[in-house]
Amino acid sequence: MSVRLKIALTIFLTGLLTAVGVIATVLLAFQRFEHESTYYRASAFLERVVALHTDIFAVQERFPEEFTGFLRNLVLFEPDTQLYLLDSQGTVIASTGEVQLPEGFKVALAPVMEAIGPTPMPYVLGDDPERMDASAVIAARPLHRAVIRSDAAVAGYLYLVSHKRSLPEGRLMALQSTFAKPALVLILAVVGLATLLAAWVTAAVTRPLARLSATVAAVSRHGLEDFTAAGSPQPDTFGLVETAASDEFGQLNNGIRAMLATLRSQWSTLRRLDHFRREGVSNLSHDLRSPLTATAACLETLENRWAGDAARASDRQLVEVALRNTHNAARLVQSLGDLAQLDEPEFRLRAEVMDVSELLDDVALRFTERAARQGVRIEAAAPESGARAPLAAVDVELFERAIANLVDNALKFCPAGARIALDTVQNDHEVQVRVSDSGLGIAAADLPHLFDRFYQSRQNVAPATGEGGKGLGLAIVKRIVELHQGRVEVSNLPGAGTRVTLALPRAAA
């Protein structure tokens, strides 16, 4: 759910709940007002009755047959009320109702005590004997017999029940129409106002966020490079306009605008430095190849010239050391130049779809003699009979070099009697070329850095020997695989040995 929708929904629900809450509050307040006015009117009525008729029990005892009519005459001008005469235990002695109550019927005395208590009550809800309702508004007054003693006990109670008014059908429909229509109009008006307010607030609040999100998404999608191209609109600010707003969104807009301008400046500087680095390394590599080649040729000539001269044996040993270091320097220069070329943004692969298992045979054949001298067995697994060919779009020269670098690296660290295996596995999406060996394995601390440039493991080969390489062979492998839109994985095999996997996208047949 987007931020816009969340804000709009929040405002809409707030307005709707506010409207419902207002209506509910009005209804409750109206109901309370009706209860209070009914209670005060009933209490005032009973006060008048008790003041006019001081000995109601005597009247009931003297004229029991006519007493019900007497009570009905009292409430003649009090519609929707019923008057009851109760004894001191709450038993109904007489009533104005039409319903014949069971003999000995009692009402709850607790509401009666509240109604006659010294503390004024807003209203009291009690029993309605006629309708069996415990939420009717009631009023009560104590009754005493006419005796000389002023502290005579309460003989009973005059109990008045105010019924909820039931309007005639026509008036009820009119009241419902009168009440329902304004309430419905009020709800619709509040909901409509909340909707318009939600739309306005959402647009006002999220417009800066939408602009910022679009800019950040464009930078994430295209990178900083597209914005630095010639002709790009406002390359320093990426289309963000500086705003004078002092709120949080204005500060965020200006902050991101300044940050992107700084990033663009730093990116341009890094591009220039990176281009200078690649160009310098490439030129240096090219310039050093010729003198290194000439030096190696002179040293080889001296070595051949002194080969049979015993007097020159010590000199010949020095020449061998110099020649070995010259070859190492030449390989390093060659690797630096190749890596600089692969890093060029303009570099493009000359890819063609082929069976990558064919490359494994060629690489294995190339290293067979060297492996035999070291006592290492190298094998390229033949594809299974009937299995589909592992096809991938590769630059043959570059990918063959990546495999060769892996085999060369394995030979450096495999002892005599070890085995190097080359094979392929595939699925519906990718082809994996695996180079496995049964050597000493790789230290766990070295695994995360194995393909970093100039990183060398110091645990297997002493740096002074020069046989461990300069940390560029595997970096070239990784760069070649990245150019093929693939990935490189390395892991130690159970027991001993290492497996390097080059995963490439599978090509259609």
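For clarity, every value in this text was computed on a predicted model and none was experimentally measured.

Asker: Describe in detail the overall build of the protein, supporting the description with residues and values.
Answerer: Across its full length, the protein holds 10 helices and 12 strands. For the protein, the residues scored as buried account for 35% of the 509 residues in total. If you sum the accessible surface of the protein, you get close to 30,100 Å²; carbon and sulfur atoms cover 59% of it.

Asker: How would you explain the sheet that holds strand β11 (residues 487–492) if you had to name every residue and give the values?
Answerer: The strand order across the open sheet built from five strands is β7-β9-β10-β12-β11, with neighbouring strands paired in mixed fashion. Looking along the sheet, the strands with just one partner apiece sit at the ends: β7 (377–380) and β11. When strand polarity is set aside, the average angle formed by the axes of neighbouring strands in this sheet is 15 degrees. Note that strand β10 (residues 430–437) and strand β12 (residues 498–505) share eight bridges and pair antiparallel. Residue pairing across strands places Arg434 opposite Thr501, the latter belonging to β12. On the sheet, helix α8 (residues 357–374) packs against β7, β9 (419–426) and β10 and is oriented at approximately 165 degrees with respect to β7. In the packing of helix α10 (residues 473–483) onto the sheet, the strands contacted are β11 and β12, and the crossing angle to β12 comes to about 25 degrees.

Asker: Let's hear about α10: which residues, and what values?
Answerer: Counting buried positions along α10 yields eight of 11 residues, so the element is predominantly enclosed. If you check which residues of α10 are buried, you get Leu474, Ala475, Ile476, Val477, Arg479, Ile480, Val481 and Leu483. Its buried side turned inward, α10 meets α7 (313–343), α9 (396–413), β11 and β12. Directly after α10, the chain includes Gln485, whose backbone phi takes a positive value near 60 degrees.

Asker: Now, about unusual backbone geometry: what can you tell me, with residues and values included?
Answerer: Phi at Gln485 is positive, roughly 60 degrees, even though this residue is not glycine. Structurally, Gln485 is set in the loop between α10 and β11.

Asker: Give me the lowdown on the nonpolar core, citing residues and values where you can.
Answerer: Counting residues in each nonpolar core, the largest one holds 45 residues, and the members touching the most others are Ile378, Phe399, Ile403, Val407, Ile420, Leu422 and Leu502. Those elements that place two or more of their residues in this core are α7, α8, β8 (391–394), α9, β9, β10, α10 and β12. Top element by residues in this core is α9. It accounts for nine residues. For Ile403, the residues in contact, after removing those within four places along its chain, are Leu359, Leu360, Val363, Leu422, Val433, Val435 and Leu502. Listed in part, the 36 residues of the second largest apolar core include Leu86, Val124, Ile138 and Ala155.

Asker: Provide a residue-level description of the packing of aromatic side chains, including the pertinent values.
Answerer: The relative placement of two aromatic rings is captured by the distance of their centres and the angle of their planes. Under the defined criterion, the tally for this structure stands at three aromatic pairs. Aromatic pair Phe67 and Phe70: ring centres 5.7 Å apart, planes at 40 degrees, arrangement tilted. Of this pair, Phe67 and Phe70 both sit in helix α3 (residues 67–74), three residues apart, which is roughly one turn of that helix.

Asker: How would you sum up the pattern of salt bridges? Please name residues and give values.
Answerer: A side chain with one charge can pair with a side chain of the opposite charge if their charged atoms come near. In total, this model carries 18 salt bridges according to the counting rule given. The closest approach of N and O atoms between Arg145 and Glu61, which form a salt bridge, is 2.7 Å. Note that Arg145 is positioned in the loop between β4 (133–143) and β5 (156–162) and Glu61 in helix α2 (residues 56–62), a separation of 84 residues in sequence. The partner of Arg487 in a salt bridge is Glu489, with the nearest N and O atoms 2.8 Å apart. A relative accessible area of 38% places Glu489 in the partly exposed class.

Asker: Lay out helix α4 (residues 109–116) with the relevant residues and their values.
Answerer: Residues of α4 that are buried: Pro111, Val112 and Ala115. The buried residues of α4 occupy one face: seen down the axis, they fall within an arc of 105 degrees.

Asker: An account of the environment of Thr501 is needed here, citing residue identities and associated values.
Answerer: Mapped onto the secondary structure, Thr501 falls in strand β12. Here the alpha-carbon distance between Thr501 and Val435, two residues 66 residues apart in the chain, equals 6.6 Å. In this structure Thr501 touches Gln432, Val433, Arg434, Arg487, Val488 and Glu489, once residues within four positions along its chain are discounted.

Asker: Tell me what's going on with the packing of α9 against α10, and back it up with residues and numbers.
Answerer: Packing of α9 against α10 brings their axes to within 9 Å, and their N-to-C directions diverge by 145 degrees. The chirality of how α9 crosses α10 is left-handed. Note on element contacts: α10 touches α9 through Gly473, Leu474, Ile476, Val477 and Ile480, opposite Leu398, Phe399, Arg401, Ala402, Asn405, Leu406 and Asn409. Residue composition of the contact of α9 with α10, grouped by class: eight nonpolar, three polar and one charged.

Asker: Tell me about the packing of α7 against α10, residues and numbers included.
Answerer: A pair of packed helices is captured by two measures, namely the crossing angle of their axes and the spacing between those axes. Contact geometry of α7 with α10 gives a least axis separation of 10 Å together with a crossing angle of 20 degrees. Comparing the axis directions of α7 and α10 gives the class roughly parallel. Note on packing geometry: the crossing formed by α7 with α10 is left-handed. On α10, the residues touching Ser335, Leu339, Leu342 and Asp343 of α7 are Ala475, Ile476, Arg479, Ile480 and Leu483. When the residues that make up the contact of α7 with α10 are grouped by side-chain class, the tally is six nonpolar, one polar and two charged.

Thresholds, definitions, all that
Residues numbered from 1 in each chain as written. Predicted model: local features only at pLDDT ≥ 70, side-chain atom pairs only at ≥ 80, totals over all residues. Heavy atoms only, no water. Helix = DSSP H or I, 4+ residues; strand = E, 2+ residues; numbered from the N terminus. Buried < 20%, exposed > 50% of the residue type's maximum accessible area, 1.4 Å probe, protein only. Areas by Shrake-Rupley, 256 points an atom, 1.4 Å probe, with all protein chains shown as cover. Pairing = 2+ DSSP bridges. Axes fitted to C-alpha atoms, helices over the stretch in contact; angles between N-to-C directions. Contact = heavy atoms within 4.5 Å. Core = buried A, V, L, I, M, F, W, Y, C linked by side-chain atoms within 4.5 Å. Phe/Tyr/Trp six-rings, centres within 6.5 Å; stacked < 30°, edge-to-face > 60°. Salt bridge = Lys/Arg side-chain N within 4 Å of Asp/Glu carboxyl O. Arc of directions from axis to C-beta. Left-handed = near helix turned anticlockwise from the far one by under 90°. Nonpolar A, V, L, I, M, F, W, Y, C, P; charged D, E, K, R; others polar. Parallel < 35°, antiparallel > 145°, perpendicular 65-115°, else oblique.

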